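# Coordinate inspection notes
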Amino acid sequence: MWRLTSRSFMAKRRPVCHKTSSFSTSQALAQNEQSVREITTLLSSHNWRALMETSDVPKKLNPDVIRSVILQNQVGDPKRLLDFFNWSQKKMGTAAHQDLDVLSALAVHLCNSNWYVPANDLIHCIIRNSDSPLAVLASIVKNYRNCNGSPNSVIFDMLMNSYRKRGLLVEAVNLFLGAKDFELRPSLLSCNSLLGDLLKGNKLELFWKVFDGMCVRKISPDVYTYTNIISAHCKVGNVTDAKRVLLEMGEKGCSPNLVTYNVIIGGLCRAQLLDEVIEIKRSMVDKGLVPDLYTYNILINGFCMGKRSREAKLMLLEMSNMGLNPDPMTYNALIDGFMRQGDIDEAFRIKDEMVAYGIEENLIIWNTLLNGVCKAGKMEKALEIMREMNEKGAKLDSQTYSLLIEGYCREQNMARAFELLDEMKKRKIAPTVLTYSVIINGQCRCGNLQGANAILQEMIMNGLKPNAIVYTTLMTAYAKEGRVEESRMILERMRNQGILPDVFCYNSLIIGFCKAKRMEEARTYLMEMLERRLRPNAHTYGAFIEGYSKAGEMEIADRYFNEMLSCGLLPNNGSYRALIEGHCKEGNVSEAFSVFRCILSRGALPDVQTYSELIHGLSRNGKMNEAFGVFSEFQEKGLPPNAFTYNSLISGSCKQGNVDKGFQLLEEMSIKGINPNIVTYNILIDGLCKAGEIERAKNLFDDIEEKGLTPNCVTYAAMIDGYCKSMNATAAFQLLEEMLSRGVSPDAFIYNVILNFCCNEENFEKALDLFQEMLKKGFASTVSFNTLIEGYCKSGKLQEANDLLEEMIQAQFIPNHVTYTSLIEHYCKAGLMGEAKRFWLEMQERNVTPTAKAFASLLHGFHNIRNTAEASALFEQMVAKGIEPDEMTYHVMIDAYCQEGNVTEASKLKDEMLMKGMPMSVAAYDALIQALCKKDEFSEASKLLNEMGEKGFRPSLRTCRVIVQGFQIAGNVDEAAEVLQCIVKFGWVSSSTTSLDDLVDGNQDGEKSEDSENLLKQTA
């Protein structure tokens, strides 16, 4: 009865039309006022409609007249006023009144008279035609004030609820927030309804704005408000605050109801805090609340999701004892739970129990069963289910087919998957995004990216829009093949189509870039994630940890690891292994142990691979006691070691020369039923060869095939290297021929080993033949050139070595510090200092950092030709570059300074050596003592002579004579005699040498005498 006509009422007011030739403005206003009075008078009568129909009122109607009648409201009956409004619109034949103030006035009058139903209709009409909630509110408030009243909450609630029911939640929130400017206070019921709808629409930011607004206006929450707040916290996984709110309810005297408990139980179940769920349920029962079917369904589903299906089944018994009848949802949760735990038989027993209870299988149950068996790879069982479905008349849907297709895709049986896709189409069951998604995933798993893209195109042609899951699958597949640029292009395509990438999309790209060691590009996408307020997960951090660990940047890897822990994310075993391996490769065993302890401190049990990685790292770093300690702990935990674990221990033992321990471990492997692999034998053969036990190595080599294994390139390499080091060229070349005849291709290492052997034997004809073969096969490297250059240099073929360097550069092989150090060393030994210096300068031009050996060779060379200035300059350059001088370098420089008479600098170097724990040589002492004597510093020389004796050194007799003669010439006979006593005491001359003249004249026992050799020969 009170419904408005379906016309639109919200256009702008139109001015009253008038003919300027007939009426003036004042005449028109006067006529309108007269019409308003006439209409108002007629409206006071019960039969106003008939009176107006028989009068000329219809001719006098215009928007201004109608507006004035309604706004003046002299009728006093809002129902009659509304009827007149509808009647006037019909008579005018147009949507004459779309005036916000007119409609607001009508709504206000109706509400003031408690005519809420027609008022609500008017509110709906206003909202349909108004863009601004605040403009509507302002108009309503103005009309209330024109009536000398204040707006009540009823009309505001109507307005807010109308926006909410139409799904205009943003407008409803704006209205709520704007109401405070008009001192309007919405009812708690309206606030709760708005909060509930915002929660359902996942508009949590607006949800909290409304709740904050309620607090500001001191609208006290009730049980429904609290329930909504708990639900909002649970929705984002914030169960801590959800529990706090539940506690706050009790403190404020608001008792939670069954719905409240169901909400928090659901939140705790999703967070897998199942023990806390039991406590909450117990608390609920203690307060007299009885769990209902919905409560038990939440609990059963939560425990099944947490792989505690046995406990969930007990809850089914508990609810039956309470008189609650399980429904299909209850049984579906249990069936799914047992399927997830791999207990397929129990899942089917639950299904049979359900049927016996009188509940027939529905499509959801059938699909759950299919999902479980398909994921378990039991496709024959899946076909049995399909037959049973057909027998019972179950109607297959797209999900049924999608599950079956996914099962065959998991088996990489794409032919059968495509047969099912065709069957779907024949049955007029349209493939969905899920269907195409699983086929695309199957094609990607088979490495058929071209086929995956073809399915993507078919999907788009059928009018389906690929989602983030489809694109993530493709991105991951491209990234796994190292085609990260194509993966990046897919991300750009997603953006262009308005599909926002999620965490999984970014992860697939980040993992791809990290594996490609393009860490900066990976970081770019991490920053993009953070800017979009997407939270990185364990896989995100794991990618960076593994990427930086493999790149050897352990400080950065540790930083990501610590950040991951601070975010409450649990690293997986892959991340732990990457950190342990990375630290061990850097030789930082303590940090590797720190990571391992971190696993244990978190109550986690490291897996076999993690333990094995730590053992491997310790063994590689020579920490065998620690490695065996971890191995013992590993076995005490009941974890089974594998071949990799034993290989690590065998390798470590062999590297320390304990090959017998390696064989003990091999025997232990056999006792435990762990089959040694070819790696095990390679390690032992290499250990025996390095220990010089070639025959034993050959016997083990011959036994390999009896063990069902085939020697590989590494096996041959170890044997050939062993034969070369034992100078058995014949056996080495025989093995090389055997390799080739058995189709095992030699690698660069084997060629370099034989090349080195030929060079050491000075068989350069064979070496060059081999080298040319290496060049043809692409095995030649800087190492190969260096081996041949060093061979030429050692044989004195310096020109050939120089020519080979030129060939090396022309062939675009880059010389390194080993190349130049060899050339510099041997050119210096040959006294060709000009050429040696040329190599030195060329080395620096190529930005090759000189080694300590290169510096030492040049220093020695310049010292040989008595070019102390060049030697001193080189020494200063060496120290400035932070290169630690070795003993030979110190000795050369001490002698150089002594020859110059610079005893002060020589003494400084001697003190520096002793501080570093380096021993002085006899020649260096002799040079320093003789230099001191030349400076007439005989007392200092005598001290050094005594120091030599204390250290067990034996100076040359020439040095002893120089000191004695020095004291004699200076007239210090007593000091000379003391030197003689010192010489006799240390046994440097025969005790029969009793006079200074004997020593000075050289009259000593023949066996004790020695000719003084020059320092340079002693140093060399």
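Residues numbered from 1 in each chain as written. Predicted model: local features only at pLDDT ≥ 70, side-chain atom pairs only at ≥ 80, totals over all residues. Heavy atoms only, no water.

Within the protein one finds 58 helices and zero strands. For the protein, the residues scored as buried account for 48% of the 1020 residues in total. Considering only contacts within the protein whose residues lie at least 6 apart along the sequence, 61% involve residues at least 24 apart. About 49100 Å² of surface is accessible on the protein, with carbon and sulfur atoms providing 49% of the total. (Helix = DSSP H or I, 4+ residues; strand = E, 2+ residues; numbered from the N terminus. Buried < 20%, exposed > 50% of the residue type's maximum accessible area, 1.4 Å probe, protein only. Contact = heavy atoms within 4.5 Å. Areas by Shrake-Rupley, 256 points an atom, 1.4 Å probe, with all protein chains shown as cover.)

Attention shifts here to the packing of aromatic side chains. One pass over the structure, following the stated rule, counts 22 aromatic pairs. Between Phe 561 and Tyr 576, the aromatic rings sit 5.9 Å apart at their centres with planes inclined by 70°, giving edge-to-face as the arrangement. Highlighted residues: Phe 561 in helix H32 (residues 554-566) and Tyr 576 in helix H33 (residues 573-585), separated in sequence by 15 residues. For the pair Phe 561 and Tyr 576, one class covers both residues: buried. By the ring-pair criterion, three or more aromatic residues cluster together here, those being Phe 596, Tyr 611, Phe 631, Phe 634 and Tyr 646. For the cation-ring pair, Lys 381 lies above Phe 348, with the distance from its terminal atom to the ring centre recorded as 4.5 Å. (Phe/Tyr/Trp six-rings, centres within 6.5 Å; stacked < 30°, edge-to-face > 60°. Lys NZ or Arg CZ within 6 Å of the ring centre and 35° of its normal.)

Under the counting rule described, the total for this entry stands at 54 salt bridges. A salt bridge links Glu 279 to Arg 282, with the nearest nitrogen and oxygen atoms 2.7 Å apart. In this pair, Glu 279 and Arg 282 both sit in helix H16 (residues 274-286), three residues apart, roughly one turn of the helix. Here Asp 702 and Lys 698 are joined by a salt bridge, their closest N and O atoms 2.8 Å apart. Placement of both Asp 702 and Lys 698 in helix H40 (residues 694-703) is noted, with a separation of four residues, approximately one turn of the helix. Judged by relative accessible area, which is 24%, Lys 698 ranks as partly exposed. Among the charged side chains, a salt-bridge network with shared partners connects Arg 310, Lys 313, Asp 343, Glu 346 and Arg 349. (Salt bridge = Lys/Arg side-chain N within 4 Å of Asp/Glu carboxyl O.)

Another aspect to go through is the packing of helix H37 (residues 643-655) against helix H38 (residues 659-671). The contact between H37 and H38 brings their axes to 7 Å, and the two run at 165°. For the element pair H37 / H38, the angle class is roughly antiparallel. Of the two possible hands of crossing, H37 and H38 adopt the one that is right-handed. Along the contact surface, H37 presents Ala 643, Tyr 646, Leu 649, Ile 650, Ser 653 and Cys 654, while H38 presents Val 659, Lys 661, Gly 662, Leu 665, Leu 666, Glu 668 and Met 669. Residue composition of the contact of H37 with H38, by class: nine nonpolar, two polar and two charged. (Axes fitted to C-alpha atoms, helices over the stretch in contact; angles between N-to-C directions. Parallel < 35°, antiparallel > 145°, perpendicular 65-115°, else oblique. Left-handed = near helix turned anticlockwise from the far one by under 90°. Nonpolar A, V, L, I, M, F, W, Y, C, P; charged D, E, K, R; others polar.)

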